[in-house]
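# A structural walkthrough
Each chain, written out:
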Amino acid sequence: MEPLRKINSTFVPLTEENVDTDQIIPARFLKATTREGFGKNLFRDWRYFNNDEAQPKMDFILNQPEYKGSVLVAGKNFGCGSSREHAAWAIKDFGFNVVVSSFFADIFKNNALNNGILPVQVSDEFLHKIFQLENGATLSIDVEAQTITIDKTGESEEFNINHYKKTCLLNGYDDIDYLINIKDEIANFEKTLA
């Protein structure tokens, strides 16, 4: 994974609440076991008429070319439903590194972190302020400081992140990379047990 430290980006506003993992990546696309290729089916049923890529629903935000960026800002209760890790794979493969919401389902939040996506949980009020911004506005997210800032106004909020997962994001580690990085510490600890 690539390290994730500071992100400054425009964002894609998805105002819908209670977005479940089947809406993020429909079950019929869960046949692959590798992480690649899921992005093209992100929000598939919301993006296309009759499941046909030749018939995009132009009123859906991901089909509007003026909205882009590496940050997805979503309504409250994002990632609810089943525990499918493919939802995080689809979001990452589409190009999002950060998802902002006022509430995340726990399993989705952990799956996101395990796949190099930063879930930033903000207050309902702060989320509302982001949704009120005009297209092209930018957000700055600092993983080390655990802050998200609306660049236009300078308004900022802190967010929580597990210390271990923060270390992994900052260094681009998955769980195995993390263990390899501390192998000397593990070996020294094992010597104390002998």
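Only a predicted model underlies this, so the values are computations on that prediction, with no experimental measurement involved.

## Structural notes on the nonpolar core
Counting residues in each nonpolar core, the largest one holds 28 residues, and the members touching the most others are Ile24, Phe43, Phe78, Ile91 and Phe108. Among the elements that take part in this core, helix H3 (residues 86-94) stands out by supplying five residues, more than any other. Discounting chain neighbours no more than four positions away, the residues touching Ile91 are Ile24, Leu42, Phe78, Phe96, Val99, Phe108 and Ile117. Ranked by size, the runner-up nonpolar core spans 25 residues in total, among them Val71, Val73, Ala137 and Ile150.

## Quick look at a nonpolar patch on the surface
A cluster of nonpolar side chains, namely Ile176, Leu179, Ile180 and Ile186, defines an oily patch on the protein surface of about 360 Å² accessible area. Top contributing element to the nonpolar patch by residue count: helix H7 (residues 175-181), with three residues. Note on placement: Ile186 falls in helix H8 (residues 183-193).

## Quick word on unusual backbone geometry
A positive phi is found at Phe43, a non-glycine position, where the angle reads about 55°. Assignment of secondary structure puts Phe43 in the loop between helix H1 (21-24) and helix H2 (44-47). Residue class for Phe43 comes out buried when judged on its relative accessible area of 0%. Residues other than glycine seldom take positive phi values, yet Asn50 does so here, at roughly 50°. Its location among the elements puts Asn50 in the loop between H2 and strand S2 (71-74). Classification of Asn50 as exposed rests on a relative accessible area of 70%.

## Here's the deal with the side chain of Asp142
Mapping Asp142 onto the fold places it in strand S5 (residues 138-142). Of note is the side chain of Asp142, whose polar atom sits 2.9 Å from the backbone nitrogen of Ala145. Aside from chain neighbours lying at most four places away, what touches Asp142 is Arg5, Lys6, Thr147 and Phe159.

About the cut-offs
- Residues numbered from 1 in each chain as written.
- Predicted model: local features only at pLDDT ≥ 70, side-chain atom pairs only at ≥ 80, totals over all residues.
- Heavy atoms only, no water.
- Core = buried A, V, L, I, M, F, W, Y, C linked by side-chain atoms within 4.5 Å.
- Buried < 20%, exposed > 50% of the residue type's maximum accessible area, 1.4 Å probe, protein only.
- Helix = DSSP H or I, 4+ residues; strand = E, 2+ residues; numbered from the N terminus.
- Contact = heavy atoms within 4.5 Å.
- Patch = residues over 30% accessible without salt bridge, like charges linked within 9 Å, V, L, I, M, F, W, Y side chains within 5 Å.
- Areas by Shrake-Rupley, 256 points an atom, 1.4 Å probe, with all protein chains shown as cover.
- Salt bridge = Lys/Arg side-chain N within 4 Å of Asp/Glu carboxyl O.
- Polar contact = N/O pair within 3.5 Å; in protein donor to acceptor, adjacent residues only side chain to side chain.

Coordinates in, geometry out; function isn't part of it.
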